[in-house]
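One-letter residues, chain by chain:
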Amino acid sequence: MAEETNQAPNLYALLIGIDCYMPNRLPDGSCYGHLGGCVRDINHVEAFLKDTRKVPETQILKLTASVNPENPNQEQPVEPPEKLPTRKNIVDSFRKLGEMAPPKSQVYIQYSGHGGRAKTHYRDIKGDDGIDEGLVPTDIGTSEGQYLRDLELAKLLKELVDKELIVTLVLDCCHSGGATRGDVQIRGMNVVDDKPLQSTSEPVAKPDVLVANWKALTEQGTRGLKAVGLPETKDYLVLAACRQNEVAFEYAFNRETKERNGALTYWLLDTLRQQNPGQTYKDLFERINAKIHSQFPSQTPILIGEVNREIFGSDLAETVYAVPILKVEQNAQTGEMQAKLAVGQVNGLGKGAEFAIYPLSTTDFTKKENRVAIARILQRGATESLCKLEPIEGKEFKVEDGDQAVLISPSINLVRKVSLVYQQEATIAEQTQPVLPFNKLLPEIYQQQAKALEAIKKALPGNGWVELAEEKVAEDDDEGVAYQVALNNNGEYEICDRTGHRFENITPVKLSRSDAAVTVVKRLVHLTKYHATAELDNMDKTSPLADKLVISWLGTSDDYQPGDKIPPRSQLQQFTDPSSPTVKIGEYVFLSIHNNSSQDFNVAILDIASDWSIEQIYPGKGLNLETIEAGRKEVVPIPAGSAGEDIVKVFATVGSANFRWLELPSLDEELKPKGLARSGNPLDTLLAAIDEEHPPTRKLSVAASPSREWTTKQISLLVKA
């Protein structure tokens, strides 16, 4: 992959991915089963480090346990023993990493696999009923197999920190389980193991050393235990897939190939590929969190440690990743222009990845006006991919062999897929159980299922925004099924997320309603528009506004009134848990907006609410934008209204735009025309597309549409009664 990039000789990595688990048995009779995307996660991360960050292969340690593709039921991984992520090999690799990396080096560690819980071995500090959390090695079911427990992992990390290494740990796993539907799997089990410590097991350190280190860490922290039981500390940075009581999903983002990736790893790499100089892990996390939480509501990533540390250190130069166009041709059947790019699976990129095309003579890829077209991968090969070429408004559509393609942020799906879930009839024995098994229906409901789902099929055509996944796999369908519709045992339609779990804040619709199917389709259209706005971002690294907008919560007040002077931060109540800011109904929360640009910003704030409404809350009625001068800060008081988890999204532009195009009423309220005047500028056209009765295009291309520079950031807030 031909690139201009900053060399990173001071970056070392340990990558661990486990798809294949040797035979094992948990106390409830279940087991840690095979996974489908963990090794792929690790291979994609390795490709990113080598191709994009230019990390030498000699500075990357990799342990994987792969399922045999020729015999998926094989109980042993295909790798040789020395390459397997057994507990011993994992511990040895941590220490080898510490020996390889010189002081002050960046160290990146990622684990993708099952997370586990077991009765504690450290009752003195956790109590008789305490739980150890940890990583599940591939050999957990063998006599020698043991968890890598939280106290042990903390000690291994401390050894690296003591060697003056700058440590980043990514954990794409969880410690809970559950049932799912569709091309999705959970990386954890909802079981507490009771496996005893084997006398032959070699400890990471003596128990008293592990306990002393743990106590030192927990005395530092203020927010309790977090990722894999690790306490908060400033010694290292941890990005984990979810909170302790949540699940981490792996999902087939590509419906065509059915290839799974961990949701955390998928969006981590997508964001890193758009990385700008000076970006911090907090910036990285905000986008990952927004993407994951929009698609998987029951998964909330967490970030602890030095969150304001720059990604991979402070010496990141501006990077541009360019690949050559090998061949341009016209599709004989469709007449569309296509191009073959020298990029593919080996680079960790998938179907739907997008590139801006520049002429061969281009040397400055930061100038957006030099772009001549957009290319989107349709068919991915190992090292080459076929792309669809799309014109850019106002540009001559001329692409030639040898032109250069630069990876950009992907478009947003306007048209989304819904899958109808056909469940099985419960057996007589299952009907006697207190709770029916997942995906089973009572006989009287099962008899209504075919007719009820057929009604949804008939109600879908013509809405423009949502289409049936089972009927069509479009060329640009690269994000899989967005929604599922199923029946419950109360005789109701339920709208579910892509994992098959019902949206908790959407009331089911009775089948007996005459407009039941139509109501479900209207709700799906509403959700599609809602999520299009929630996912709208501009990661174009050539933008002069990239990372110039900085937002943060300052605190809360229960006695502030509109018109009062904004209190200083010292007088505000601070959040108990800054990683999960929470406010009570009736209080005000104060948002800091900092314009770090050399240009004035015109700003609007949208509240993307848990009742599925979207409202512009700043500036108020009568104004579309408020100006924040270059280098200045503005503090905005926001009242906490109804209970739920809201997203506050800040848009900034150097020109004019009307972000009220994105407003939505609450679910089930009629979507009325807004009657807003169209200014004709490309950014307004981009925003207005989400308001259309029928989408003007299947995808919203941020890179191709707006000529005026803009940026956006978002931040979450939990409102409690």
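Look a little higher up for the structure.
Residues numbered from 1 in each chain as written. Predicted model: local features only at pLDDT ≥ 70, side-chain atom pairs only at ≥ 80, totals over all residues. Heavy atoms only, no water.

1. Quick notes on empty space enclosed by the protein
The gaps of empty space that remain are located by a probe, the size of a water molecule, rolled over the atoms.
Right, on to step 1. Going through the model one piece at a time under the given rule, you end up with ten cavities of 30 Å³ or more.
Right, on to step 2. In this structure, the second largest cavity spans a volume of roughly 280 Å³.
Right, on to step 3. If you trace the second largest cavity, you find 22 residues lining it, with Arg-287, Asp-537, Met-539, Thr-712 and Lys-713 closest to the centre.
Right, on to step 4. For the lining of the second largest cavity, the secondary-structure elements that each account for two or more residues are α7 (281-295) and β38 (710-720). (1 Å grid on protein atoms, 1.4 Å probe; cavity = no way out; pocket = protein on both sides within 12 Å on 5 of 7 lines; lining within 4 Å. Points joined across faces, edges and corners; volume = space filled by probe spheres on them. Helix = DSSP H or I, 4+ residues; strand = E, 2+ residues; numbered from the N terminus.)

2. A short note on the sheet that holds strand β6 (residues 131-135)
Right, on to step 1. Taken together, the four strands give an open sheet; going across it, the order is β7-β6-β5-β10, and neighbouring strands pair in mixed fashion. The strands lining the two open edges of the sheet, one partner per strand, are β7 (148-149) and β10 (188-193). (Pairing = 2+ DSSP bridges.)

3. Here's the deal with unusual backbone geometry
Right, on to step 1. Here the amide bond leading from Tyr-618 into Pro-619 is cis, since omega sits at -10°, within 30 degrees of zero.
Right, on to step 2. With respect to the helices and strands, the residue Pro-619 is situated in the loop between β33 (614-618) and β34 (626-628).
Right, on to step 3. The phi dihedral of Lys-104 is positive, around 80°, even though this residue is not glycine.
Right, on to step 4. Looking at where Lys-104 falls in the secondary structure, it is placed in the loop between α2 (87-100) and β4 (106-112).
Right, on to step 5. A positive phi angle is found at Trp-612, which is not glycine, with a value near 75°.
Right, on to step 6. Here Trp-612 lies in the loop between β32 (601-608) and β33.

4. Structural notes on the packing of helix α1 (residues 38-52) against helix α6 (residues 263-272)
Right, on to step 1. Between α1 and α6, the least distance of the axes is 10 Å, while the angle of their chain directions is 15°. The angle between α1 and α6 places the two elements in the roughly parallel class. At the point where α1 passes α6, the crossing takes the left-handed sense. Contact residues: Asp-41, His-44, Val-45 and Phe-48 in α1; Thr-265, Leu-269 and Leu-272 in α6.
Right, on to step 2. Its residues assigned to classes, the contact of α1 with α6 comprises four nonpolar, two polar and one charged. (Axes fitted to C-alpha atoms, helices over the stretch in contact; angles between N-to-C directions. Parallel < 35°, antiparallel > 145°, perpendicular 65-115°, else oblique. Left-handed = near helix turned anticlockwise from the far one by under 90°. Contact = heavy atoms within 4.5 Å. Nonpolar A, V, L, I, M, F, W, Y, C, P; charged D, E, K, R; others polar.)

5. What about the pattern of salt bridges?
Right, on to step 1. Throughout the structure, instances matching the rule amount to 35 salt bridges.
Right, on to step 2. The partner of Lys-126 in a salt bridge is Asp-150, with the nearest N and O atoms 2.6 Å apart. One end of the pair, Lys-126, is in helix α3 (residues 123-126); the other, Asp-150, is in helix α4 (residues 150-162), and 24 residues separate them in sequence.
Right, on to step 3. On the basis of relative accessible area, Asp-150 is assigned to the buried category, the value being 1%.
Right, on to step 4. Of the charged contacts in the structure, one is a salt bridge between Arg-287 and Asp-270, with a shortest N-O distance of 2.7 Å. With a gap of 17 residues between them, Arg-287 in helix α7 and Asp-270 in helix α6 connect regions that are remote in the sequence.
Right, on to step 5. Looking at Asp-270, the relative accessible area reads 12%, which means it is buried.
Right, on to step 6. One network of salt bridges, in which partners are shared, links Glu-46, Lys-50, Glu-57 and Lys-62. (Salt bridge = Lys/Arg side-chain N within 4 Å of Asp/Glu carboxyl O. Buried < 20%, exposed > 50% of the residue type's maximum accessible area, 1.4 Å probe, protein only.)

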